[in-house]
Amino acid sequence: MKKEVILTGDRPTGKLHIGHYVGSLINRVKLQDTNDYDMNIMIADTQALTDNARNPEKIRNSLLEVLLDYLAVGIDPKKSNIFIQSQIPELNELTMHYLNLVSLSRLERNPTVKNEIKERGFENSIPAGFLIYPVSQAADITAFKAELVPVGEDQLPMIEQTREIVRSFNSIYKTNILIEPKAIIPEGISARLPGIDGKSKMSKSLGNTIYLSDDEDTIRKKIMSMYTDPNHIRVEDPGNIEGNVVFTYLEIFCKDKILLNEMKEHYKRGGLGDVKIKKYLNEILQAELKPIRVRRNDFEKNKDYLYEILREGSLIARNIATNTLDEVRNAIGINYFN
Ligand code: TRP
């Protein structure tokens, strides 16, 4: 039986952090290891360039960092096809054809794009390529005929826009070659890991991250600086666990739920100090991240192998995209010489 196709990806704009880890990477490894899916993972460098065109070194340098993070957490290139978006030029032609099916106002209304325009201060001058990246993402997804797209919640408008494009295309060109994808969205607290400063989201731009590649000392320092309960001043004071990042992280990473519940009660009663809970979290997080870091360092020694993974993955991906583009050209009727 044909396996369901999964496509997911990341913009290479830096190393991946534990927010990526709990929000998506762990789940990818799980999906991969079921062997039930045809798993494709794209490093979306072209998309990353839509708001970093003047800083291509950042994207270029992040490419291997992202791949190393993938391999370190257990994404296995023998089970998951890992490839680079820019190496599949067929995606660009698909984008061109889809652009004709989308109105400018529909793009301007895309909530994710709207939000990102604000965040980047693009209001007065939006790079055209940035505005249309949802269409390019539709090309990514449809090129692989992906049925399932595991993404963060902020990406739902992208999937919706892709579904609209698929419906338009299939209806206008009287075909059924394109597939409407479904999003797989992470649930629970790990879906949106707060940063170590207690801000709602861990993100590189806020400087509140713990990277998968951070060394032992850096991790410890970050944990010791974590936001807890600002009113928990003396050890005897009753403490609050809501919004207390140490407890949020313990909730995710601590497997001993009985002990964790005892600690929570103790903290709320008073008498359990911040240093103690931080030391405990440090122990747990170090144990979780050390094997990842060790694997990462090992893979890092073999650059040739890393490029080989990406080259082979991109070749396979390009074949698939070429087939879809052929079908799309046929459907539109511009395959003149066949
Ligand atoms: N937009 C996604 C992000 O910022 C990355 C991405 C690009 C993607 N193309 C994709 C994700 C296709 C899933 C499928 O995270």
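How each quantity is defined
- Residues numbered from 1 in each chain as written.
- Predicted model: local features only at pLDDT ≥ 70, side-chain atom pairs only at ≥ 80, totals over all residues.
- Heavy atoms only, no water.
- Helix = DSSP H or I, 4+ residues; strand = E, 2+ residues; numbered from the N terminus.
- Rg over C-alpha atoms; globule rule 2.2 N^0.38 Å.
- Contact = heavy atoms within 4.5 Å.
- Areas by Shrake-Rupley, 256 points an atom, 1.4 Å probe, with all protein chains shown as cover.
- Lys, Arg positive; Asp, Glu negative; His and termini not counted.
- Charge placed at Lys NZ, Arg CZ, Asp CG, Glu CD.
- Phe/Tyr/Trp six-rings, centres within 6.5 Å; stacked < 30°, edge-to-face > 60°.
- Buried < 20%, exposed > 50% of the residue type's maximum accessible area, 1.4 Å probe, protein only.
- Lys NZ or Arg CZ within 6 Å of the ring centre and 35° of its normal.
- Pairing = 2+ DSSP bridges.
- Domains from an automatic or database assignment.
- Buried area = accessible area lost by both parts, 1.4 Å probe.
- Salt bridge = Lys/Arg side-chain N within 4 Å of Asp/Glu carboxyl O.
- Polar contact = N/O pair within 3.5 Å; in protein donor to acceptor, adjacent residues only side chain to side chain.
- Nonpolar A, V, L, I, M, F, W, Y, C, P; charged D, E, K, R; others polar.
- Core = buried A, V, L, I, M, F, W, Y, C linked by side-chain atoms within 4.5 Å.
- Near = heavy atom within 4 Å.

S.K.: Lay out the overall build of the chain in plain terms, naming residues and giving numbers.
M.R.: Secondary structure summary: the chain contains 14 helices and five strands in total. Over its C-alpha atoms the chain spans a radius of gyration of 22 Å, differing by no more than 12% from the 20 Å that the globule rule assigns to 338 residues. On the principal axes, the C-alpha backbone points of the chain span a range of 80 × 45 × 40 Å. For the chain, the share of sequence-separated contacts (at least 6 apart) that also reach a separation of at least 24 residues comes to 75%. Roughly 17,000 Å² of accessible area belongs to the chain as shown, and the carbon and sulfur atoms make up 51% of that amount. For the chain, the distance from the average position of its 46 positive side-chain charges to the average position of its 48 negative side-chain charges is 1 Å.

S.K.: If you had to explain the packing of aromatic side chains to someone new, which residues and values would you point to?
M.R.: In total, this model carries eight aromatic pairs according to the counting rule given. Between Phe122 and Phe130, the aromatic rings sit 5.4 Å apart at their centres with planes inclined by 75°, giving edge-to-face as the arrangement. Here Phe122 and Phe130 have matching classes, each one buried. Here Tyr249 and Phe253 contribute two aromatic rings whose centre-to-centre distance is 6.5 Å and whose plane-to-plane angle is 65°, an arrangement assigned as edge-to-face. Of this pair, Tyr249 and Phe253 both sit in helix 11 (residues 245-253), four residues apart, which is roughly one turn of that helix. The class of Phe253 is buried, set by a relative accessible area of 4%. Each member of the aromatic cluster is reached from another via a ring pair, and the members are Tyr98, Phe169 and Tyr173. Sitting over the face of the ring of Tyr133, Arg11 holds its NZ or CZ atom 4.7 Å from the ring centroid.

S.K.: Tell me what's going on with the pairing of strand 3 (residues 80-84), and back it up with residues and numbers.
M.R.: Here strand 3 lies mainly inside the structure; five of its five residues are buried. Neither face of strand 3 is exposed, since Ser80, Ile82 and Ile84 on one face and Asn81 and Phe83 on the opposite face are all buried. The pairing of strand 2 (residues 37-43) with strand 3 spans five bridges and is parallel. Bridging across to strand 3, Ile41 finds its partner in Ile82.

S.K.: If you had to explain the domain arrangement of the chain to someone new, which residues and values would you point to?
M.R.: Along its sequence, the chain is carved into domain 1 (4-192 + 303-332) and domain 2 (216-298). Here the C-alpha centre of domain 2 lies 35 Å away from the C-alpha centre of domain 1. At the interface, 13 residues of domain 1 touch eleven residues of domain 2. Between domain 1 and domain 2 lies a buried interface of about 980 Å² when both sides are counted; carbon and sulfur atoms form 69% of it. Interface area lost by domain 1 to domain 2 is led by Ile18, Ala72 and Ile189, which between them contribute 50%. Counting across the domain 1 and domain 2 interface gives two salt bridges. Across the pair Arg296 and Asp69 runs a salt bridge whose closest N-O atoms are separated by 2.7 Å. Counting across the interface, domain 1 meets domain 2 through four residue pairs in polar contact (both at pLDDT 80 or more). At the level of elements, helix 1 (18-34) and helix 3 (56-73) are the ones that each hand at least two residues to the side of domain 1 that touches domain 2. The element best represented in the side of domain 1 that touches domain 2 is helix 3, accounting for six residues. Classifying every residue of the side of domain 1 that touches domain 2 by side-chain character gives eight nonpolar, two polar and three charged.

S.K.: Tell me about unusual backbone geometry, residues and numbers included.
M.R.: Notably, Lys145 is not glycine yet its phi reads approximately 50°, a positive angle. Its place among the elements puts Lys145 in the loop between helix 8 (133-143) and strand 4 (148-150).

S.K.: Describe the nonpolar core, and please don't skip the residues or the numbers.
M.R.: Ranked by internal contacts, the top residues of the largest apolar core, which has 54 residues, are Ile18, Leu67, Tyr70, Ile210, Tyr249 and Leu250. Considering each element in turn, this core owes the most residues, nine residues, to helix 3. Structurally, this core is a two-domain feature, drawing no fewer than three residues from each of domain 1 (4-192 + 303-332) and domain 2 (216-298). When near neighbours in sequence (up to four residues on either side) are disregarded, Tyr249 contacts Ile18, Leu193, Pro194, Gly195, Ile196, Met202, Ile210, Met226, Cys254 and Leu281. If you look at the next biggest cluster of nonpolar residues, it comprises 37 residues, including Phe130, Phe144, Ile159 and Phe169.

S.K.: Mind laying out the environment of Pro12, listing which residues take part and the relevant values?
M.R.: With respect to the element layout, Pro12 can be found in the loop between strand 1 (4-10) and helix 1. Judged by relative accessible area, Pro12 falls into the buried class, the value being 0%. Residues within four places of Pro12 in sequence aside, it is in contact with Ile43, Ala44, Asp45, Ala48, Lys58, Ile59, Ser62, Leu63 and Val66.

S.K.: Help me get a handle on the site of the ligand, residues and values and all.
M.R.: Neighbouring the ligand are 13 residues; Met42, Gln47, Gln137, Asp140 and Gln155 lie closest to it. Separating a nitrogen atom of the ligand from a side-chain N or O atom of Gln137 is a distance of 2.9 Å. Between the ligand and Gln155, the relevant distance is 2.9 Å, taken from a nitrogen atom to a side-chain nitrogen or oxygen of the residue. Each residue belonging to the shell around the ligand can be placed in one class, and the counts come to six nonpolar, five polar and two charged.

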